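In case you want the letters, here they are:
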Amino acid sequence: MGYSALVRRAPERSVPEGRVPAGRGGGEARVGIEIRGGGETRGIRTGDEAHVGSERPATAHTLLRAHLMGMIRDDGPISRSELSRAIGLPRSTITALVAELLSEGVIAEAPARSGGAGSGSGRPATLLSVRKPDGLVAGFDFGHRHIRVAVATAEGHILAEESTHLDVDREADASLDHAGEMLDVVLERAGVSIGDVRAAAACIPAPLNSRTGRVGSPTILASWVDLDPREELRRRTGLACTLGNDAAFGALGEMTYGAARNMSDFIYVKASNGIGAALVLGGRLYRGAQGMAGEIGHTQIDPTGAWCRCGNRGCLEATVSIDVVRRQLEPLGLDPLDPEDMEHPVAIKVLAESGRTVGVVIANLCNTLNPEAVILGGDLASTGAYFTNGVRDSVRHLAQPGPALDTQVMPTSLHGRAELLGAVAAAAAMPHAALTA
Ligand SMILES: [Zn+2]
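As a starting point, this report considers the structure included with it. The structure displayed is predicted, hence computed values, not measured ones.

**Points about the overall build of the protein chain**
Point 1. Each helix and strand in the protein chain was counted, giving 15 helices and 12 strands.
Point 2. In the protein chain, the proportion of contacts linking residues at least 24 apart, taken out of those at least 6 apart, comes to 64%.

**Details of the sheet that holds strand S5 (residues 158-165)**
Hydrogen bonding along the main chain pairs the strands of a sheet, whether they run parallel or antiparallel.
Point 1. Pairing is mixed in the open sheet, where 5 strands are placed in the order S5-S4-S3-S6-S7. The strands lining the two open edges of the sheet, one partner per strand, are S5 and strand S7 (241-245). Pairwise comparison of adjacent strand axes, ignoring direction, gives a mean angle of 15° for this sheet.
Point 2. Taken strand by strand, helix H9 (residues 246-257) contacts strand S3 (136-142), strand S6 (197-204) and S7, and its axis lies near 100° from that of S7.
Point 3. Along the sheet, helix H15 (residues 418-427) makes contact with S3, strand S4 (146-153), S5, S6 and S7, crossing S3 at roughly 140°.

**Thoughts on the environment of Phe-142**
Point 1. Tracing the chain through its elements places Phe-142 in strand S3.
Point 2. Judged by local crowding, Phe-142 falls into the buried class, with 29 C-beta atoms found within 10 Å.
Point 3. The spacing of Phe-142 and Leu-176 is 34 residues in sequence and 9.2 Å in space, taken between C-alpha atoms.
Point 4. Ignoring sequence-local partners within four residues, the contact set of Phe-142 consists of Ile-147, Val-168, Ser-175, Ala-202, Cys-203, Ile-204 and Pro-205.

**Quick notes on the environment of Gly-311**
Point 1. Among the structural elements, Gly-311 can be located in the loop between strand S10 (284-286) and helix H10 (316-319).
Point 2. Linking Gly-311 and His-298, residues 13 residues apart in sequence, is a C-alpha distance of 9.8 Å.

**As for the sheet that holds S10**
Point 1. Read from one edge of the open sheet, 5 strands run S10-S9-S8-S11-S12, paired in mixed fashion. One side of each edge strand has no neighbouring strand; the edge strands of this open sheet are S10 and strand S12 (408-411). Direction aside, neighbouring strands of the sheet carry axes that sit 25° apart on average.
Point 2. Sheet topology places strand S11 (residues 373-377) next to S12; 4 bridges connect them, and they run parallel. In the sheet register, Ile-375 faces S12, and the bridge partner there is Met-410.

**A closer look at the packing of helix H7 (residues 172-190) against helix H8 (residues 229-237)**
Point 1. Packing of H7 against H8 brings their axes to within 9 Å, and their N-to-C directions diverge by 40°. When the interaxial angle is binned, H7 and H8 end up oblique. As H7 packs across H8, the resulting crossing turns out to be right-handed. In this structure, H7 uses Leu-176, Asp-177, Ala-179, Gly-180 and Leu-183 to contact H8, whose residues at the interface are Glu-232, Leu-233, Arg-236 and Thr-237.
Point 2. Taken together, the residues of the contact of H7 with H8 sort by class into 4 nonpolar, 2 polar and 3 charged.

**A short note on helix H12 (residues 345-369)**
Point 1. Given a rise of 1.5 Å per residue, 25 residues ought to cover 36 Å, and the 35 Å separating the end C-alpha atoms of H12 matches this to within 8%.
Point 2. A positive phi of about 50° marks Asn-370, the residue just after H12.

**So, the packing of helix H11 (residues 322-329) against H12**
Point 1. Interaxial distance between H11 and H12 falls to 11 Å at its minimum, and their mutual angle equals 155°. Regarding the angle of H11 to H12, the classification is roughly antiparallel. Remark: the crossing between H11 and H12 carries right-handed chirality. Taken together, the residues of H12 that come into contact with H11 (itself represented by Val-325, Gln-328 and Leu-329) are Val-346, Ala-347, Val-350, Leu-351 and Ser-354.
Point 2. Here the residues of the contact of H11 with H12 are counted per class, giving 6 nonpolar, 2 polar and no charged.

**Digging into the nonpolar core**
Point 1. Grouped together as the largest cluster of nonpolar side chains are 93 residues, with contacts concentrated most on Ala-138, Ala-200 and Ala-202.
Point 2. Tallying contributions element by element places H12 first for this core, with 9 residues.
Point 3. Mapped onto the domain boundaries, this core takes at least three residues apiece from domain 2 (136-248) and domain 3 (259-413).
Point 4. Not counting residues up to four positions away in its chain, the partners in contact with Ala-202 are Phe-140, Phe-142, Pro-229, Leu-233, Cys-241, Leu-243 and Ala-423.
Point 5. Counting 16 residues, the second-largest nonpolar core is a separate cluster that includes Leu-97, Val-98, Ala-125 and Leu-127.

Reading the values: the criteria
- Residues numbered from 1 in each chain as written.
- Predicted model: local features only at pLDDT ≥ 70, side-chain atom pairs only at ≥ 80, totals over all residues.
- Helix = DSSP H or I, 4+ residues; strand = E, 2+ residues; numbered from the N terminus.
- Contact = placed C-beta atoms within 7 Å.
- Pairing = 2+ DSSP bridges.
- Axes fitted to C-alpha atoms, helices over the stretch in contact; angles between N-to-C directions.
- Buried ≥ 20, exposed ≤ 12 C-beta atoms within 10 Å, placed from the backbone.
- Parallel < 35°, antiparallel > 145°, perpendicular 65-115°, else oblique.
- Left-handed = near helix turned anticlockwise from the far one by under 90°.
- Nonpolar A, V, L, I, M, F, W, Y, C, P; charged D, E, K, R; others polar.
- Expected span 1.5 Å × (residues − 1).
- Core = buried A, V, L, I, M, F, W, Y, C linked by C-beta atoms within 7 Å.
- Domains from an automatic or database assignment.

Structure representation (structure tokens):
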């Protein structure tokens, strides 16, 4: 039975089997069952019982795609006319399938040389070839007290990741050295080499001057101020690196892989050792004139309060942070990162009150910006529901009644990895990469 018969027996599918949405590991499936082993699948011509891959029955459409891909890979660059003649199907059928493969990015087309294959019809022909893989990307997440590094596919599938605790604030050089060494570890664990990585992105826990790409405040992350983080990472890894603020990358992670995939107006708050926000308005990050927007951690909430790393007193993040919570709970032997410990009555009180304090500042932001949602990330959000509930209490009580009731206050859906996944997304230049500094 030839391909014409197969096509008549099964209507074309609008979504080929084995595909998953882009950005959710789609690339692996996209280049998986239909393409691999094109040599074998080209021989399958006997009917619908044929299988491509191990589980799903192959439809006529899948088989035809596989056959077409096999020909393009083995015989390409090749024109549509040549494919049509070789396969024995009308040019219109081939054109439709080629359009599908082009839209998925699995093949590419380039103009034929004059007089070369496929020319002669009056209109310049184009030749089709299998698109080379985009390569892998690396993501770096620098927090005030941690570094996370991952190597991932361009579609956001993490192959290996590593994290470590370190005083990033005070030890800029050591942190950058560590990051370079951690990249070697994740590459080895993933079984790939640095040559397989085509781009990298890193976020740091400080505002970035949008003109210079350097730390934009002389007091926050002071040991990094004289460094060019992009150049420092390039020197240690050999990779071109996109740089961003940690909360901005957290928002990018949520927009690409998490709860904000369908949101255009939301606030992402990273509450760990510091507290920073990313303001996404109309689908774009609002950075302000110098890239300083969203530094809510330095909102003064108590003029006589504790001194802050920024030089002021009573800043929000000098009053509430995972370090402050840890110090408050230390006498009881409770660890804020231990979920069981956080069910202790004192821990519940401390977390709820911390949430309510952060919520006061967020409620004011809600009145100003009227976001659809507030997404809470960072170590404080990872302690459990009490912190989030505290934030929600303040927003309900203090934001204006209409917007407050409509604004969702939720923890991150990415389990503490929003910033790292945002770095992967930025490196892969996926949608929303305009968020990067
Ligand atoms: Zn401050």
